[in-house]
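Close look at the chain arrangement
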Amino acid sequence: MDVFKKDIKNYGLGICAGLVFCFILDRIFGTCCPLRIIAGYPCPGCGALRSVKCFLSGDILGFWNYYPLMPLIYIYVAFFVIFRYIIKRFNAKIFMTLIVCLILASLGVYAYRMVKYYPNKEPMVYTENNFLNKIRGY
Ligand SMILES: [Zn+2]
């Protein structure tokens with residue numbers, strides 16, 4: 001079976017369920033970020049979706065400002081697709097190592113943005129309408 005069809009069969013339902021879950025959270029809470037919904041604080045991935053929206057609308061400054069690592073993620077996805085589906089010489093160990101590097105870079109950028117921009121600049125802002133505040137009655 002073709003690798004792409006196999007991946008769709010194995011992961012397609014999970015990816016679709018995740019997207020639907022994110023869409024529902026966004027409709028209910030105005031964000032799909034679990035940390036922001038529960039505690040009000042931005043997470044290391046906050047701004048990524050807005051960055052994609054900016055990219056699709058041609059707003060390169062917004063694309064960069066909302067999530068500075070997004071260009072690296074696009075490059076990663078492009079290489080993933082090329083190596084896995086087009087030239088079919090996929091090395092999972094290399095791509096897992098790159099994912100770990102991206103996660104570590106994301107944590108570093110998050111720490112930098114929390115120190116430099118929190119809580120005054122989107123997406124590094126505090127959301128007062130969060131679950132913990134509701135429980136505490138604020
Ligand atoms: Zn987040």
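Throughout what follows, the structure given in this document is the object of discussion. (Residues numbered from 1 in each chain as written. Predicted model: local features only at pLDDT ≥ 70, side-chain atom pairs only at ≥ 80, totals over all residues. Heavy atoms only, no water.)

**A short note on the pattern of salt bridges**
To keep it simple, the criterion reads: Salt bridge, as applied in this entry: a Lys or Arg side-chain nitrogen positioned within 4 Å of an Asp or Glu carboxyl oxygen. Put simply, DSSP marks the helices as runs of H or I at least four residues long and the strands as runs of E at least two long, and each gets a number from the N terminus on. Only protein chains enter the calculation, and the probe is 1.4 Å; a residue is then buried if its accessible area is under 20% of its type maximum, exposed if over 50%, and partly exposed in between.
Enumeration over the complete set of coordinates arrives at four salt bridges. For aspartate 7, the salt bridge goes to arginine 84, with nearest N and O atoms at 2.6 Å. Highlighted residues: aspartate 7 in helix H1 (residues 3–29) and arginine 84 in helix H5 (residues 70–86), separated in sequence by 77 residues. Looking at aspartate 7, the relative accessible area reads 10%, which means it is buried. For glutamate 122, the salt bridge identified is with arginine 50, shortest N-O distance 2.7 Å. Note that glutamate 122 is positioned in the loop between helix H6 (92–116) and helix H7 (131–136) and arginine 50 in helix H3 (residues 48–57), a separation of 72 residues in sequence.

**A look at the coordination of the zinc ion**
Operational definition: Coordination partners: N, O, S within 2.8 Å of the metal, 3.2 Å for Na, K and Ca; water not considered, so apparent gaps in a site are possible.
Surrounding the zinc ion are the protein donor atoms Cys33 (SG), Cys43 (SG) and Cys46 (SG), at 2.1 to 2.2 Å. In primary-sequence terms, the residues that donate to the zinc ion follow C-x9-C-x2-C. Remark: cysteine 43 occurs in the loop between helix H2 (34–38) and H3 and cysteine 33 occurs in the loop between H1 and H2; sequence separation between them is ten residues. Each member of the pair cysteine 33 and cysteine 43 is classed as buried.

**A closer look at the state of the cysteines**
Here is the rule: The disulfide criterion used throughout: a pair of cysteine sulfur atoms within 2.5 Å.
For the structure on display, the rule yields one disulfide. Put simply, cysteine 22 and cysteine 32 are joined by a disulfide, and their sulfur atoms are 2.5 Å apart. Remark: cysteine 32 occurs in the loop between H1 and H2 and cysteine 22 occurs in helix H1; sequence separation between them is ten residues. Owing to a relative accessible area of 22%, cysteine 22 belongs among the partly exposed residues under this scheme. What makes cysteine 32 partly exposed here is its relative accessible area of 25%. Sulfur of cysteine 101: no disulfide; nearest cysteine sulfur belongs to cysteine 43 and is 20 Å away.

**Things to note about the nonpolar core**
Note the cut-off: In this text, buried Ala, Val, Leu, Ile, Met, Phe, Trp, Tyr and Cys residues form a nonpolar core when linked through side-chain atoms within 4.5 Å. Here a residue-residue contact requires only that any non-hydrogen atoms of the pair lie within 4.5 Å.
Residues Ala48, Cys54, Phe63, Tyr67, Leu69 and Met70 constitute the largest nonpolar core, which totals six residues. Excluding residues within four positions of it along the chain, cysteine 54 makes contact with Asp59, Gly62, Phe63 and Tyr66.

**Some points on the packing of aromatic side chains**
Operational definition: Only Phe, Tyr and Trp rings are paired, with Trp represented by its six-membered ring, and only when their centres lie within 6.5 Å; those with planes under 30 degrees apart are stacked, over 60 edge-to-face, the remainder tilted. Consider the ring centre and the ring normal. A charge sits over the ring if Lys NZ or Arg CZ is within 6 Å of that centre and within 35 degrees of that normal.
Within the structure shown, the criterion is met by 15 aromatic pairs. Seen in terms of ring centroids, phenylalanine 4 and tyrosine 85 are 5.2 Å apart; in terms of plane orientation they differ by 85 degrees. Their pairing is edge-to-face. Residue phenylalanine 4 is found in helix H1, and its partner tyrosine 85 is found in helix H5; the two are separated by 81 residues along the sequence. Judged by its relative accessible area of 21%, tyrosine 85 is partly exposed. On the basis of an interplanar angle of 90 degrees and a centroid distance of 6.5 Å, the ring pair of tyrosine 112 and tyrosine 117 is categorised as edge-to-face. The class for tyrosine 112 is partly exposed, based on a relative accessible area of 48%. Each residue in the set Phe4, Tyr76, Phe79, Phe80, Phe83, Tyr85, Phe90 and Phe95 is aromatic and connected to the rest through ring pairs, giving one cluster. Note that arginine 84 overlies the ring of phenylalanine 90, its terminal NZ or CZ placed 4.8 Å from the centroid. Lying across the ring of tyrosine 117, lysine 121 places its NZ or CZ 4.4 Å from the centre.

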